[in-house]
Amino acid sequence: MDDTEIWQTIDAERAATADLLANLTDVEWTYPSLCTGWTVREVAAHLSLAHRMGVRDAIREFVKARGSFNRMVDQTAHKEARRPTEELVAELRGAVGVHKLAPGQSLKNALMDVMVHTQDIALPLGIERHMPIEAAVVSADDLWRIGFPFHARKRLAGYRLVATDADWSAGEGTEVSGPIEALLMLLAGRTATIPRLTGISV
């Protein structure tokens, strides 16, 4: 995928996720997501923020988080989550067509972020959503390549990951196979899709 295709996929995923959120009940917004310590509301808040955060904003929040990237992400999500549901949906919908990355974010990371976080919302609610296969391959390659913050190669050392619906594999060792979207979630540190994989257990 080239940059234009990746942005088109990000736009489509943002629009679809905004539609998903708009149709949730008040109770569903309070459900725990797959992100530790975050409900659906915090995940939605996080997704609505990336395109609006400038360098100065990031520096200010980083200082507030005492130099911890993970703490900064958590604190900003909880702060934004105080906004009304309608505003969070509108912000995410408004991000469609805004091709601006958060400070320090790569385009491939932005693609992974929206696809994985959408599953973080949908899976606990029993909502079936599927990732675009080509985009999931791009994101899987990127997560396997980078270290921080998921450290996929280290966590999954001793396994060979093989997609059954795409031409993708990585690692060496005991074979773990399944749909590329389930493997991508595993690479991102989630265990919810392990039942869709063979060769590994929770």
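Look above for the structure.
The structure contained in this document is the topic of the report that follows. Because the structure is a prediction, the values reported are computed rather than measured.

Focus: the overall build of the protein chain
Here is step 1: Along its length, the protein chain carries nine helices and three strands.
Here is step 2: In the protein chain, the order of α-helices and β-strands from amino to carboxyl end is α-α-α-α-α-α-α-α-β-β-β-α.
Here is step 3: Relative to a compact globule of 202 residues, whose C-alpha radius of gyration would be 17 Å, the protein chain shows 17 Å and is just as compact.
Here is step 4: Projected onto its principal axes, the C-alpha coordinates of the protein chain cover approximately 45 × 35 × 35 Å.

As for a negative patch on the surface
Here is step 1: A cluster of acidic side chains, namely Asp2, Asp3, Glu5 and Glu134, defines a negative patch on the protein surface.
Here is step 2: Looking at where Asp2 falls in the secondary structure, it is placed in the segment before helix H1 (3-22).

Topic: the pairing of strand E1 (residues 158-163)
Here is step 1: Sheet topology places E1 next to strand E3 (residues 173-178); six bridges connect them, and they run parallel. Of the residues in E3, the one forming a bridge with Arg160 is Glu175.
Here is step 2: Here three bridges tie E1 to strand E2 (residues 169-171), and the two strands are oriented antiparallel to one another. From the neighbouring strand, Leu161 faces E2, where its bridge partner is Ala170.
Here is step 3: Here E1 folds back onto E2 in antiparallel fashion, the turn holding five residues.

Quick notes on the packing of H1 against helix H6 (residues 107-122)
Here is step 1: Two elements in contact, H1 and H6, have axes whose closest approach is 10 Å; the angle formed by their N-to-C orientations is 25 degrees. Between H1 and H6, the angle is such that the two are roughly parallel. Both H1 and H6 take part in a crossing whose hand is left-handed. The segment H1 lies against H6, with Asp3, Ile6, Trp7, Thr9, Ile10, Glu13, Arg14, Thr17, Leu20 and Leu21 engaging Leu107, Lys108, Ala110, Leu111, Val114, Met115, Thr118, Ile121 and Ala122.
Here is step 2: Broken down by class, the residue content of the contact of H1 with H6 amounts to 12 nonpolar, three polar and four charged.

A closer look at the packing of H6 against helix H7 (residues 133-145)
Here is step 1: Remark: H6 packs on H7, axes separated minimally by 9 Å, with the N-to-C direction vectors making an angle of 115 degrees. Overall, the two elements H6 and H7 adopt an arrangement that is roughly perpendicular. You can see that H6 and H7 cross each other, and the crossing is left-handed. Residues Lys108, Asn109, Leu111, Met112 and Met115 of H6 pack against Ala135, Ala136, Val138, Ser139, Asp142 and Leu143 of H7.

What to know about the nonpolar core
Here is step 1: Within the largest apolar cluster, 59 residues are counted, with the highest numbers of intra-cluster contacts made by Leu21, Ile121, Leu143, Leu161, Trp168, Leu184 and Leu187.
Here is step 2: Among the elements of the structure, H1, helix H2 (40-47), helix H4 (69-80), helix H5 (85-94), H6, H7, E1 and helix H9 (180-187) are those that each provide at least two residues to this core.
Here is step 3: The element contributing the most residues to this core is H6, with nine residues.

Section: the environment of Val116
Here is step 1: Counting through the fold element by element, Val116 comes out in helix H6.
Here is step 2: Val116 gets classed as buried once you look at its relative accessible area, which sits at 1%.
Here is step 3: Along the chain, Val116 and Met131 lie 15 residues apart, while their C-alpha atoms are 8.7 Å from each other.
Here is step 4: Those residues in contact with Val116 that lie beyond four places of it in its chain are Met131, Leu184, Met185, Ala188 and Arg190.

A short note on the pattern of salt bridges
Here is step 1: Counted according to the given criterion, the structure contains 10 salt bridges.
Here is step 2: A salt bridge links Glu91 to Arg83; the nearest nitrogen and oxygen atoms lie 3.0 Å apart.
Here is step 3: A network of salt bridges, in which partner residues are shared, links Arg52, Glu80, Arg83, Glu87 and Glu91.

The rules behind the values
- Residues numbered from 1 in each chain as written.
- Predicted model: local features only at pLDDT ≥ 70, side-chain atom pairs only at ≥ 80, totals over all residues.
- Heavy atoms only, no water.
- Helix = DSSP H or I, 4+ residues; strand = E, 2+ residues; numbered from the N terminus.
- Rg over C-alpha atoms; globule rule 2.2 N^0.38 Å.
- Patch = residues over 30% accessible without salt bridge, like charges linked within 9 Å, V, L, I, M, F, W, Y side chains within 5 Å.
- Areas by Shrake-Rupley, 256 points an atom, 1.4 Å probe, with all protein chains shown as cover.
- Salt bridge = Lys/Arg side-chain N within 4 Å of Asp/Glu carboxyl O.
- Lys, Arg positive; Asp, Glu negative; His and termini not counted.
- Charge placed at Lys NZ, Arg CZ, Asp CG, Glu CD.
- Pairing = 2+ DSSP bridges.
- Axes fitted to C-alpha atoms, helices over the stretch in contact; angles between N-to-C directions.
- Parallel < 35°, antiparallel > 145°, perpendicular 65-115°, else oblique.
- Left-handed = near helix turned anticlockwise from the far one by under 90°.
- Contact = heavy atoms within 4.5 Å.
- Nonpolar A, V, L, I, M, F, W, Y, C, P; charged D, E, K, R; others polar.
- Core = buried A, V, L, I, M, F, W, Y, C linked by side-chain atoms within 4.5 Å.
- Buried < 20%, exposed > 50% of the residue type's maximum accessible area, 1.4 Å probe, protein only.

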